[in-house]
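# Geometric and topological summary
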Amino acid sequence: MAPEAVIRYARSNPGRVVALRVLDFRGAQHHLALKWEGGGVRFFVRPWGEWTEPQSEPRALEVMRGWRIQEVRLEGEDGAR
């Protein structure tokens, strides 16, 4: 799924956590979370245990540019966290 589609999905479910499974530019797999809130995309930063401030859509796309998105789902559905 393209990053633009993930952002549209998050925007259509405001405040809900969207869980992602992505591959980075090296091929390493990561489990990430984001949500649309406060007029932008908020990313969950696991080491801090906090959400980022809302990012504009162009900035969020820049962050997501190197990701190969393998799976997208709303958290709490299909056994998600």
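The structure we're discussing is the one just above.
Described in the following lines is the structure provided in the data block.

So, how was this worked out
- Within every chain, residues take consecutive numbers counted from 1 along the sequence as written.
- In view of the model being predicted, local features appear only for residues whose pLDDT reaches at least 70, and side-chain atom pairs are presented and counted only at 80 or more, with totals across whole chains, interfaces and linings using the full set of residues.
- Hydrogens and waters are ignored; side-chain quantities use all the structure's heavy atoms.
- Note on ring pairs: Phe, Tyr and Trp rings are taken, using the six-membered ring of Trp, and paired if centres are within 6.5 Å. Classes follow the plane angle, with under 30 degrees stacked, over 60 edge-to-face and the rest tilted.
- Runs of H or I in DSSP of at least four residues are treated as helices and runs of E of at least two as strands, each being numbered from the N terminus.
- Here the term buried applies to any residue with accessible area under 20% of the maximum for its type, exposed to any over 50%, and partly exposed to those in between, with areas from a 1.4 Å probe on protein chains only.
- Placement of a charge over a ring requires the Lys NZ or Arg CZ to be within 6 Å of the ring centre, with the centre-to-atom vector within 35 degrees of the ring normal.
- The pairing criterion is simple: DSSP has to find at least two bridges between the two strands.
- Contact criterion: two residues are considered in contact whenever any of their non-hydrogen atoms come within 4.5 Å of each other.
- Lines fitted to C-alpha atoms define the axes here, with helix axes fitted over just the stretch in contact, and angles between the N-to-C directions of these axes take values from 0 to 180 degrees.

## Topic: the packing of aromatic side chains
One pass over the structure, following the stated rule, counts 2 aromatic pairs. Centre to centre, the rings of Phe-43 and Trp-67 are 6.1 Å apart; their planes meet at 90 degrees, and the pair counts as edge-to-face. Placement of the pair is Phe-43 in strand E3 (residues 40-45) and Trp-67 in the loop between helix H2 (57-64) and strand E5 (68-74), with a sequence separation of 24 residues. Trp-67 shares its class with Phe-43; the two are buried. The ring of Phe-25 has Arg-26 sitting right over it, with the charged end atom 5.5 Å from the ring centre. Seen from the ring of Trp-51, Lys-35 lies directly overhead, with NZ or CZ sitting 4.4 Å from the centre.

## Considering the sheet that holds strand E1 (residues 18-23)
In space, the 5 strands of this open sheet follow the order E4-E3-E2-E1-E5, with antiparallel pairing throughout. The sheet terminates laterally at strand E4 (50-51) and E5, the two strands that pair on one side only. Sheet topology note: the E1/strand E2 (residues 29-37) ladder contains 6 bridges and is antiparallel. Across the sheet, the residue bridging to Ala-19 is Ala-33, located in E2. Contacts from H2 reach E2, E3 and E5 within the one sheet, and its direction differs from that of E3 by about 40 degrees.

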